[in-house]
Amino acid sequence: MLGVTVVSQAEDVVNPSNGSSVSTWGDVSGTQVYGQTFTSSSTQNLTSFTFYLTKTSGTTATNFRAYIYEWDEATSSVVGSAAFASDVITLDMNVSDTQAVTVSTKGTTLSQNKTYVIFFSTVGESGTSSYTWLLGQSTANGKFVFYNVDDLNTLLTTSWVYWLSSYDLAYIFSFGPSAADTLASMQGNVTGLRQVFALQSDTLNDGLNQSCSSFNDDRSCISLIGRYVQTNGSNGTEATTGGVNLAYKLTPNFYIGGSIEQIASDTESGNVKYRQNAPDVGFYTGWTQGENGDGWQARFAYRHSDGQVTVTREAIGSAEAGVGTANLTGDGYQFSVGNAVRLDNQALITPYIGVRYTDIKRHGYSEAATDSVTQPLQYAALSQKATTVLAGSNFEVPLMSKLNLTGNLGVEKDVQFKVDNYVATGVDGLEPIKFADKHNDIRAVAGLGLKYNFAANQQLSIQANYKEQAYAADSSTSATLAYTTSF
């Protein structure tokens, strides 16, 4: 039945062939316009339509355009301006071939209880080939119409001709979500995913700077870490993590270390939820000029995260809801050089420079198809890659015999920054969405904390950090509590 109520679900309305055909369309001396009228029983989105053509003569390709207009039954003519008008379409087929010719409308909205005409027109286009069209079953909700005319203005201002009152063309009308509504439903997920990327970036960068530096005579060190971080800005998100950091001095001046860190619970921003598949892991190695860490120093670190995001897309207008899950991975590398200078044998100032490379990637995925999700979207992979130069200074200043003030001030600058667009397919006409809505390539970082030394190799520290973000979130703030000892 034509005019089925189709609001958010995809559905094909099919009028099959009755075995007959009508001729002749497309020839300069024949009829230039064939079409079908129909009435929409609800507000719905026509995503594409198909007619069936057989080539009967000619050796050239045929150029034509497809249109949808509102139709006036009383005057047998079109009304107003086009609801849809295609670009030039080229039809190139062999004589005697039959082809289903499908035209995408990108979700043209049809109003409830209005009658429309959809038609192909060769008016003003090139080509001298001829075609027959397959006729379909008779319906009570439309008619086959045609017109022989040399200019489009006449076609749009005069009455057309009905073939016979009981005749219809064979066709497929495909209804489903519009591109505009689907893009609107995706936009909310972009906002949430930006925040998850910002959170991952903060956690990855913090992990690259973690180290254990309280060594005993056996040259070993262990640190237990608890951390809370939140991204600021619209739809900010937060996470609480716990981790273990181990290090060992291979020589008095050279050490290696590693860490694992686990998020305590899932994090969520908007309709995007992040869950770790496994704890984040890190590795670092470094050299210090002095056995106590003073003097020149160099350090290399690597960090890897492995998790997944579950993205829930809301139904907006004609757009269907959708749910899908994808892996979200992160990798970071950092190399830095500094010089730890002790002032008056007490305060320690460590200016540093460095370079960092990070790659955060949400892998491609498809939404799940269900009874209510008939056109699930397929998403291309989305990655953020950045090469960043670092400069600043760490400091540690004694306040009391066992209590020190710690902190850092620095600046970061991206020398290379690339973020993919947010891209999905599954509904015709979807345009890429710009994922990085802005880029702050020069950013400040700062931290301030306290360290209490229970003994020579036993410390409890707490530090708050502030970092400006590259995009999406304006900034992130975090607090880290660490207990460090040797064993």
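Let me begin by describing the structure that accompanies this report. (Residues numbered from 1 in each chain as written. Predicted model: local features only at pLDDT ≥ 70, side-chain atom pairs only at ≥ 80, totals over all residues. Heavy atoms only, no water.)

**Section: the overall build of the protein chain**
Consideration 1: For the protein chain, the helix and strand inventory stands at two helices and 30 strands.
Consideration 2: Relative to the 2.2 N^0.38 estimate, which gives 23 Å for 487 residues, the radius of gyration of the protein chain is 33 Å and therefore markedly larger than a compact globule would have.
Consideration 3: Its C-alpha atoms put the protein chain at 105 × 40 × 35 Å along the principal axes.
Consideration 4: Every one of the 487 residues in the protein chain was classed for burial, and the buried ones make up 49%.
Consideration 5: Residue pairs in contact within the protein chain that sit at least 24 positions apart in sequence constitute 73% of those at least 6 positions apart.
Consideration 6: With the model as given, the accessible surface of the protein chain reaches about 21,000 Å², and the carbon-plus-sulfur share is 53%.
Consideration 7: Taking the average location of the 27 positive side-chain charges in the protein chain and that of its 43 negative ones, the two points are 10 Å from each other. (Helix = DSSP H or I, 4+ residues; strand = E, 2+ residues; numbered from the N terminus. Rg over C-alpha atoms; globule rule 2.2 N^0.38 Å. Buried < 20%, exposed > 50% of the residue type's maximum accessible area, 1.4 Å probe, protein only. Contact = heavy atoms within 4.5 Å. Areas by Shrake-Rupley, 256 points an atom, 1.4 Å probe, with all protein chains shown as cover. Lys, Arg positive; Asp, Glu negative; His and termini not counted. Charge placed at Lys NZ, Arg CZ, Asp CG, Glu CD.)

**Overview of the side chain of Ser76**
Consideration 1: Structurally, Ser76 is set in the loop between strand S5 (62-72) and strand S6 (77-85).
Consideration 2: With near-sequence residues (within four places) excluded, Ser76 lies in contact with Trp71, Thr158, Ser159, Trp160 and Tyr162.

**Quick notes on the sheet that holds strand S23 (residues 365-366)**
Consideration 1: Spatial strand order, S23-S24-S27: three strands in an open sheet with antiparallel pairing. On the outer flanks of this sheet lie S23 and strand S27 (424-425), each paired with one strand and no other.
Consideration 2: Both strand S24 (residues 378-379) and S27 contribute to a ladder of two bridges, which runs antiparallel. Looking at the pairing, Tyr379 lines up with Ala424 of S27. (Pairing = 2+ DSSP bridges.)

**Describing the pairing of strand S19 (residues 272-288)**
Consideration 1: The pairing of strand S17 (residues 254-263) with S19 spans eight bridges and is antiparallel. Its bridge partner lying in S19, Gly258 is registered against Phe283.
Consideration 2: Looking at chain direction, strand S18 (residues 267-269) and S19 are connected through three bridges and run antiparallel. Directly across from Ser269, in S19, lies its bridge partner Val272.
Consideration 3: In terms of strand pairing, S19 meets strand S20 (residues 295-313) through 14 bridges, oriented antiparallel. If you follow Lys273 over to S20, its bridge partner there is Thr310.
Consideration 4: Where S19 hands over to S20, the hairpin turn is made up of six residues, of which Gly293 adopts a positive phi near 95 degrees.

**As for the pairing of S5**
Consideration 1: The buried count for S5 comes to eight of 11 residues, which makes it a mostly enclosed element.
Consideration 2: Of the strand pairs in this sheet, S5 and strand S7 (residues 89-91) are connected by three bridges, and their pairing is antiparallel. Note on S7: the bridge partner recorded for Asn63 is Thr90.
Consideration 3: The sheet contact formed by S5 and S6 spans five bridges and is antiparallel. Across the sheet, Tyr67 pairs through a bridge with Ala85, a residue of S6.
Consideration 4: Count of turn residues in the S5/S6 antiparallel hairpin: four residues, of which Ser76 carries a positive phi of about 55 degrees.

**What about the packing of aromatic side chains?**
Aromatic ring pairs are reported here in terms of the distance separating the ring centres and the angle at which the planes meet.
Consideration 1: Taken as a whole, this structure holds 30 aromatic pairs when the rule is applied.
Consideration 2: Aromatic pair Trp25 and Phe64: ring centres 5.8 Å apart, planes at 80 degrees, arrangement edge-to-face. One end of the pair, Trp25, is in strand S2 (residues 17-25); the other, Phe64, is in strand S5, with 39 residues separating them in the sequence.
Consideration 3: By relative accessible area, Phe64 is classed as buried at 0%.
Consideration 4: Each ring, one from Phe144 and one from Phe146, has its centre 6.0 Å from the other, and the planes form 35 degrees; the classification is tilted. Comparing Phe144 with Phe146, the two get one shared label, buried.
Consideration 5: Site record: aromatic cluster; members linked through ring pairs are Trp25, Tyr34, Phe49, Phe51, Phe64, Phe84, Phe120, Tyr131, Trp133, Phe144 and Phe146.
Consideration 6: Positioned above the aromatic ring of Phe435 is the side chain of Arg194, whose terminal nitrogen or guanidinium carbon lies 5.9 Å from the ring centre. (Phe/Tyr/Trp six-rings, centres within 6.5 Å; stacked < 30°, edge-to-face > 60°. Lys NZ or Arg CZ within 6 Å of the ring centre and 35° of its normal.)

**Quick look at the state of the cysteines**
Consideration 1: Using the criterion set out here, one finds one disulfide in the structure.
Consideration 2: The disulfide partner of Cys212 is Cys221, and the S-S distance across this bridge is 1.9 Å. With the S-S bond torsion at -70 degrees, the cross-link from Cys212 to Cys221 turns out left-handed. Considered together, Cys212 and Cys221 belong to a single accessibility category, that of buried residues. (Disulfide = S-S within 2.5 Å.)

**Some remarks on the environment of Gln195**
Consideration 1: Relative to the helices and strands, Gln195 resides in helix H2 (residues 179-208).
Consideration 2: Note on Gln195: relative accessible area 2%, which makes it buried.
Consideration 3: For Gln195 and Ala424, which are 229 residues apart along the polypeptide, the C-alpha to C-alpha distance reads 19 Å.
Consideration 4: Among the polar contacts made by the side chain of Gln195, one reaches the side chain of Thr231 at a distance of 2.8 Å. (Polar contact = N/O pair within 3.5 Å; in protein donor to acceptor, adjacent residues only side chain to side chain.)

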